[in-house]
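Commentary on secondary and tertiary structure
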Amino acid sequence: MQTDHSFYEDEIRCDYIVPSMIKRSWGAQLQILDDLESACKKAGLNICAEWGTLLGTIRHGGFIPWDDDMDVCMSRKDYNYLIDHYSSILPDNYSVVSFRSNPDFKQMLCRVVSSDHYRFDPGYMHRYSGLPVALGIDVFPLDFLSGDEEFEAAREGRVRLVYEAVNEIAYYGTSPVAIENRLRQIEAEYGTKIDRGGDVLLQLRLLLEKSFGEVGESDARYVTLYPIWLDNHSYKFPVEYYSGSISMPFEYTSINVPVCYDAILRKKYGEHYMEQVRSGGAHDYPYIDRHLTVLRDSFGFEWPSYAFKASDMPQKDRADNTGFAERKSCLFITYCAGAFDNMRDVARHYIDDGYEVTILPVTKYDIAADMTGIEASPDDRPASYYTEGLSGAVVCYDGSILDSHPDVIVTNYQYDEYNLITTVDKAYYSGNLRRHCDRLVFVPPFEARSQEAGDERARKLMPSYVCTALITACDGIIVHSDEMKQRYVECLSAWSGEGYTSVWESKITVLARDHAEDTAPHGSRRKIMFYVGISFFAEYGEAAIDKIRWSFDIFHDNRDRIEVVYVTQDGLSDNLKRLYPDLYDMYVAGGFPDPEDTISADDCDAYYGEASAYATEFVNAHKPVMIMNI
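Since the model is a prediction, treat every value here as computed from it, not as a measurement. (Residues numbered from 1 in each chain as written. Predicted model: local features only at pLDDT ≥ 70, side-chain atom pairs only at ≥ 80, totals over all residues. Heavy atoms only, no water.)

A look at the overall build of the protein chain
Here is the rule: Segments assigned H or I by DSSP are reported as helices when at least four residues long, segments assigned E as strands when at least two residues long, and all are numbered from the N terminus. We call two residues in contact when some of their heavy atoms are within 4.5 Å. A 1.4 Å probe and the Shrake-Rupley method give the accessible areas. Residues count as covered only by the protein chains that appear here. All tallies of charge rest on Lys and Arg as positive and Asp and Glu as negative; His and the ends of each chain are not included. Charge positions are represented by NZ for Lys, CZ for Arg, CG for Asp and CD for Glu.
Counting its secondary structure elements, the protein chain contains 23 helices and 25 strands. Expressed along its principal axes, the backbone C-alpha trace of the protein chain runs to roughly 90 × 70 × 40 Å. When contacts within the protein chain are restricted to residue pairs at least 6 apart in sequence, those whose partners lie at least 24 apart make up 73%. For the protein chain, the accessible surface area stands at approximately 28900 Å², while carbon and sulfur atoms represent 48% of it. When the 61 positive and 101 negative side-chain charges of the protein chain are each reduced to one mean point, those points stand 3 Å apart.

Some details on the nonpolar core
Our working rule: Only buried residues count toward a nonpolar core. Its members are Ala, Val, Leu, Ile, Met, Phe, Trp, Tyr and Cys residues joined through side-chain atoms within 4.5 Å. Partly exposed describes any residue whose relative accessible area lies between the buried limit of under 20% and the exposed limit of over 50%, with all areas from a 1.4 Å probe on protein chains only and scaled to the type maximum.
In terms of nonpolar packing, the biggest core is built from 115 residues, with Leu 36, Val 112, Val 139, Phe 530 and Phe 537 touching the most fellow members. It is helix 1 (residues 20-43) that provides the largest number of residues to this core, a total of nine residues. Apart from the residues lying within four places of it in its own chain, the contact partners of Val 139 are Leu 36, Val 72, Met 74, Tyr 79, Leu 82, Leu 109, Cys 110 and Val 112.

Points about the side chain of Glu 610
Rule in force here: Salt bridge criterion: a side-chain nitrogen from Lys or Arg within 4 Å of a carboxyl oxygen from Asp or Glu. Polar contacts, as counted here, are pairs of nitrogen or oxygen atoms within 3.5 Å of one another; within protein the pair requires one atom able to donate a hydrogen and one able to accept it, and residues that are adjacent in sequence qualify only if both atoms are side-chain atoms.
Structurally, the position occupied by Glu 610 is in the loop between strand 24 (606-609) and helix 23 (613-620). Despite its burial, Glu 610 pairs with no opposite charge, the nearest such side chain being Arg 266 at 8.4 Å. A polar contact is formed between the side chain of Glu 610 and the backbone nitrogen of Gly 533, at a distance of 3.3 Å. Beyond its immediate sequence surroundings of up to four residues, Glu 610 is in contact with Tyr 261, Tyr 531, Gly 533, Ile 534, Ser 535, Phe 536, Ile 627 and Met 628.

Looking at helix 10 (residues 288-299)
Rules: Given a helix with a known number of residues, its expected span is that number minus one, times 1.5 Å. Here the arc refers to the directions that run from the helix axis out to each C-beta atom.
The terminal C-alpha atoms of helix 10 lie 16 Å apart, and with twelve residues this matches the ideal 16 Å at 1.5 Å per residue to within 8%. Taken together, the buried positions of helix 10 are occupied by Ile 288, His 291, Leu 292 and Leu 295. One face of helix 10 carries all of its buried residues, which in axial projection span an arc of 100°. Opposite the packed face of helix 10, turned more than 90 degrees from it, sit the exposed residues Asp 297 and Ser 298. Positive backbone phi, at 65°, marks Gly 300, one or two positions downstream of helix 10.

Structure, rendered in structure tokens:
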């Protein structure tokens, strides 16, 4: 699997900064997914995205930005085949972890992992994004419920009897001898024999799995995850929801999703699952952290990182605030074009304060994901991109301009040599820049607009991109909101010690963003993206076609005010024809316009249609979104 280097770089998604180490773990899991999907395809097994991976596929087109694991599901029959035959269908380095292989594994699922031990050989690290760790994907077995309520009640009673015995042994450490009467009852209910001299817990768990799989797909009315159904009988889906699957984009690859993904997500997460709610603590997040701890404590393997040193702080004879003093020249150094956007307002203020502003785009160097090489990555944006809206600013591509000793240097590359994905020429490291100016200022390349104090996940990741060499060495830091200043001060104080809190508070200045006004003339036509995917047809059938026709009628009636851009899910027609041929014929007969295939949220003013990653783009752009329903 080929991964574009840009995937590994720090990035802001949905107002959430995802640092490169999280990207590495994503990349490793995508490799595992690719290997698992290939193996399942060859073996005739079907897997689909599940839980947060399904939600991320539909809402984000990839990982949920504040999540870092992958979940898939498969029928109980395919699940059992995978566990029994993984050594013959998966590459040799893979293992499958479940209660069958590890008695301490308490969940009724399995995890496909890239290795059963830490590996530092170059081939392994190259394949798994430079990580010597064993990452994995959780696989959930789907079970079936019949329409026979009497049978299901009896099955549930048997299952609960076994579950109680399993919990006694696994969670409370009860000896099988102490629950002898219960074991006899189980034997009588199931007509089986439990070997008291063997692994009683394993036998009980296998008995549970056998009970979960008692109903086959051909006799099923509903699909469920049986352990969840035991606690919540509403957690079940019509078997038709999983009767087919389609491939959808996931990051730079794809993943299968059940055809009724919208209805499934509404059941799992509620009607408003498209809302971007960051919930859950950070105790087990990010998942990669536990591996990094083991690497450090057990192998002495530590990723290069900068440790705070008070001696790296600016000397007292340098300026100690970020105000715009009466100086003459200011050099802006940006290591990539996209990162300059967060500097543009700062450059405008320096110009307004009488500075001669020069912008120096420097070459970014991409470090191979397995840390084996380095390659220049030139940016081809024209000079006009950098000077847009900055009257009088000029662009220079000659690094010798540092020798002119500008009064102020403003830079956005904060890592020096401590980032394992991206670097710049050493001439642009903080120590050298400080020697070439009177004042060194840092502007974050990516900055969240809002980060609440209770956002544990975001705050746990902050040290990786905030506690850096430059942020210590610079004279000033400019952020764009009081809220982000507070988060920076909290993070830096925890890193350096509370004794430096006042230093960070004085070092950080807030410069509010300039907000562009809506320049669309009053009464002008608004362009609306109208998006349709297959889940709408799968759930509503012919009524979906009627709804689409009704929507186009409304748009036509308002054509003097609305321009419609019709967009359909990739492969919609082919999937309709394959899965629902009758609906396909009706859809074609409807005479709907040909869909656009080169449109984005930037080109439109509002969104209407099925839940999708497009809708998330509109939400992030603060544009109106209306989800279509019946």
